[in-house]
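Architecture at a glance
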Amino acid sequence: MSSGGHAARRGGSRSLVTCLRRPFLATVSGVLMGRDRERDRIAGLLEDARSGRSGTVVIQGEAGIGKTALLDQIASDAADMRLIRGAGIESETELAFSGLHLMLHPYGDRFDALPAQQAAALRSAFGLAAGPAGDRFLIGAATLTLLSELAADRPVACLVDDAQWLDRASLDALLFAARRLGADPVSMVFTVRDTARPFPDHGIDVLRLTGLDRATAHDLVGTHAPGLTVPIRERLLDEAAGNPLALIELANSLGSRPVHEAGPLPVGGRVQEAFRRQLTELPDATGRLLLVIAADGTADLDVVLRAAETLGLGPADLGPAEEARLVVLDGGDVRFRHPLIRAVTYQNAAHHQRIAVHDALAKTLGDEHADRRAWHLAAAATGPDENVAAELERAAHRAGHRGGTAAVATAYERAARLSTEPEGKARRLVHAARADYDAGRPDRATRLAAEAASLTAEDGVIAEATFIRAQVAYERESPAADAALALEGAKLITGSDPEQAVSMLTEAVWSARDAGAHDLVRQSVEQLRKVRLPAGSAKTPVTGALIAYGRLLEGGAPGAVPPMRALVDAALNGEVEDLVECVIGGYMGLLVAADRPATALLERMAADARAQGALGWLPYILEPLAIGRLLLGDVRGADSAAAEGISLAADIGMDMQVTALKCIAVRLESDAERSRAEAPGVLAHAGLHPANAALASWGLGLLDLAGGHADGALEHLDAVCSGPARHDLLIRAVPDHTEAAVRAGRPDLARAYLPAFEAWAAATSSTGMVSRCRALLADGDEADEHYRTALSLHGDHPYDAARTRLLYGEWLRRRRRRTEARTELTTAEDAFARIGAGVWAERARTELEVLGDRPAARTGDADPLKRLTPQELQVVRLAAVGLSNREIGAQLYLSPRTVGHHLYKAYPKIGVTRRMELARLLSVT
């Protein structure tokens, strides 16, 4: 096992403590009194798992409220299930994946059943392999798959106590699995103590434990201290506020010694005070040995006794603490009976005593525990110490190799605090800030970045600190704030580090694009012109494309298109490897009508991200991919990509990306009711993200247009075509605006934006849409000619062709050319139904009815895929190309059993009974 990994901590100290071994039962009688409702809730959760349905609950409450007792009862009730238990350990919160390791390492023999990338990630995270862990969310996917694999034998109950103390990497993995378990016989229960830091329980049911009612509390006190006088008992009930542990501990304490009824009760810190009193009654040597246990925190008796020996203490000194039921010995473990005892033990100790104990523990631990040793050295340091700082920096490197970004950040920050020189401190702080940002802790990242910049005059460090602040500002303030800061950072290093400057300016241009801040785009492009890249630099294509994008925004499409398309080609040819630049390349292709190569690039990127487990990147790739599929006429595929992106982004806390993807979902026109319901929420962000909001407005305009509400459509589309994104992707809304204006009887407005669109269409060879617009504005035979020309130019854009056929069919009907009209309208209706544009299919049917046709009501038989949900469609498409449930689960970050459940629901909807029929069905549709 690698240095600093999670080596087995159970040692050979049993012969040392034979004299101390005696049975101990943690009495919880009474703690579950009055908890019938909560027990029923959990019983239902376990029953769901036995029936093949997953479920998760977070049990939350103050210390001593009965969370652990309830968890123990759950474990007892789940005796027929596979029990996986874990607990947060306060002293290991900075050791990446330490909690997950203790829970899952017993099942290492099942890792080979996981997809290769997931198995490799788990082995790396647990220190069992040398390779990097990769994307931090991949461990969550591996945890999900492993739990599903274990549940194939029998239902699983996964119970985690004191989850507030789990290391962040373990907690993220477990919560990811909890949110994506579906048709799996797995129950997950977390207990969480109330702390100042909120627990990330979004999307998970919370069961809050409150104090016992007074009658139950009265019975509990009577059980443990029947001799208390009425006044003392009543005061105890008032002070304890129904907290079971407070009632039990204080009742036992008061019941064992006289208390004057008028005097103060020893409840200043409630339970803590009772434990503190017990600790002060112990021999000094016992108290010092308990401090070693508290400082170590891992329950490893061998380590504790070896460290204690250097302090002149021995195993016999544990005796009084065990007699007082303050600690429990079990095999090679020694634990405090309750976490509060550990807290009080450590808090009560003098500062010099804590330093001595941490120093002893550091000297006891070898290289196999290098990370723990580094943290004990840090705790023992009395001032700046470069050697200890270097130890912590090495621990940060190891944590980064395992994928524990939160642990990386904490180690770098502590190393910075122990640094002896300002420059070294600034460098480590900026590393900590970057890791905090990557770990999803933006507030800490901003604070550390600002501090780092204040400590140094080194341009590179200040630039990186500014860049981190920029990226945080995108979510916390606005894309414009991000762009301004990224530009500021890039200016510092344009001469000294041109390639990093391009990375920052890429952020600046694209964030300014999202903000509709053309002035910031211009400034960033001007700065890009000043960058002098070395010959053959991989940054050359994106630099040229971004400069060209600046020209596009000014209406200069002819000069902008070649460099922007060149970036797409370079990315497709493997000449661009940076993921951000490839995503932007895909987007730029869509801006200049290179729809097919751009979508092919994005499809490949999505496949690569799935294969490599780069889950954190997938929502960013799925955003332009959904647009690309839509533009190519695959409305259902676009809906599927948007739905997957929304689900993933929500599960991993990417709130802004959820909004961006919902804007696309509104634009899709696949479900009018859903689009109108989502629109108010996403349009609320219009001020900060006008480009995204404009997509939603475009979608609303199209819904109105399809529904025959031309005036409403014109209002939406006029705002889109005159907005800040009018030369961006929204240039493609101009034909819809022209149609809305013509239908609304406003020919004066119909030509308002056509000149800009015509210039763009000429530069991008998209003249089919121009011909459609000219047909709308023409009369007689000239219109007929333009419609025919448009249909000949639409090529591989079936949605555009169907829209033109619909308009042409309406025009033919008005000209009383009924047979031709029926042909065009029928073809349009079939095309709309096939690609999933339901609102337009309905519009075509309405036109056919005006002709006198009475088409039979469509139930979806012509296109059974329309009956599927977006996720069912995605699963069916992957199954149709021959992927197994396990392979599909690995790609979609679902458990194999959940994949099977989706197929089970999909088969009757699409009229198949066997997997082999899927390929035939999809080839036909």
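Use the structure listed above.
For the structure given in this document, a descriptive report is provided here. For clarity, every value in this text was computed on a predicted model and none was experimentally measured.

Moving on: the side chain of glutamate 847. Topologically, glutamate 847 is positioned in helix α42 (residues 838–850). With a relative accessible area of 8%, glutamate 847 lands in the buried category. Ignoring sequence-local partners within four residues, the contact set of glutamate 847 consists of Leu806, Glu810, Arg813 and Leu825.

With 14 residues, helix α29 (residues 618–631) should cover 20 Å at 1.5 Å per step; its first-to-last C-alpha distance of 20 Å lies within 8% of that length. Within α29, 13 of the 14 residues are buried, leaving the element largely enclosed by the surrounding structure. Of the residues trailing α29, glycine 633 is marked for its positive phi of about 90 degrees.

Strand pairing in a sheet takes place through backbone hydrogen bonds and is either antiparallel or parallel in direction. Read from one edge to the other, the open sheet built from 5 strands follows the order β2-β3-β4-β1-β5, with strand pairing classed as parallel. Two strands lie at the open edges of the sheet, namely β2 (82–87) and β5 (205–208), each paired on one side alone. On average, each strand axis in the sheet is inclined to that of its neighbour by 20 degrees, with strand direction left out of account. Sitting on the sheet, helix α5 (residues 136–150) touches β2, β3 (156–161) and β4 (186–193), and the angle it makes with β2 is about 145 degrees.

As a working rule, side chains carrying opposite charge can pair if their charged atoms are close by. Per the stated rule, a full pass over the model turns up 69 salt bridges. Ionic pairing is found between arginine 168 and aspartate 172, a salt bridge with its closest N-O pair at 3.0 Å. Of this pair, arginine 168 and aspartate 172 both sit in helix α6 (residues 168–180), 4 residues apart, which is roughly one turn of that helix. Between arginine 372 and aspartate 296 there is a salt bridge, with its nearest N and O atoms 2.9 Å apart. Here arginine 372, found in helix α16 (residues 370–380), pairs with aspartate 296, found in helix α11 (residues 284–296); they are 76 residues apart in sequence, far enough to count as distant. Connected through shared salt-bridge partners, Asp736, Glu739, Arg743, Arg803, Glu810, Arg813, Arg843 and Glu847 make up one network.

Let us now look at the environment of glutamate 499. Inspection of the secondary structure puts glutamate 499 in helix α23 (residues 498–515). Exposure remark for glutamate 499: the relative accessible area of 32% places this residue in the partly exposed category. When the C-alpha positions of glutamate 499 and threonine 540 are compared, they lie 9.2 Å apart, and in sequence the two are 41 residues distant. Setting aside chain neighbours within four positions, we find glutamate 499 in contact with Leu533, Pro534, Ser537, Ala538 and Lys539.

The next thing to look at is the nonpolar core. By size, the foremost hydrophobic cluster in this structure holds 222 residues, and its most contacted members are Phe832 and Trp840. Apart from the residues within four sequence positions on either side, tryptophan 840 is in contact with Glu669, Leu702, Leu705, Ala706, Glu739, Tyr799, Arg803, Leu806 and Phe832.

Thresholds applied
- Residues numbered from 1 in each chain as written.
- Predicted model: local features only at pLDDT ≥ 70, side-chain atom pairs only at ≥ 80, totals over all residues.
- Heavy atoms only, no water.
- Helix = DSSP H or I, 4+ residues; strand = E, 2+ residues; numbered from the N terminus.
- Buried < 20%, exposed > 50% of the residue type's maximum accessible area, 1.4 Å probe, protein only.
- Contact = heavy atoms within 4.5 Å.
- Expected span 1.5 Å × (residues − 1).
- Pairing = 2+ DSSP bridges.
- Axes fitted to C-alpha atoms, helices over the stretch in contact; angles between N-to-C directions.
- Salt bridge = Lys/Arg side-chain N within 4 Å of Asp/Glu carboxyl O.
- Core = buried A, V, L, I, M, F, W, Y, C linked by side-chain atoms within 4.5 Å.

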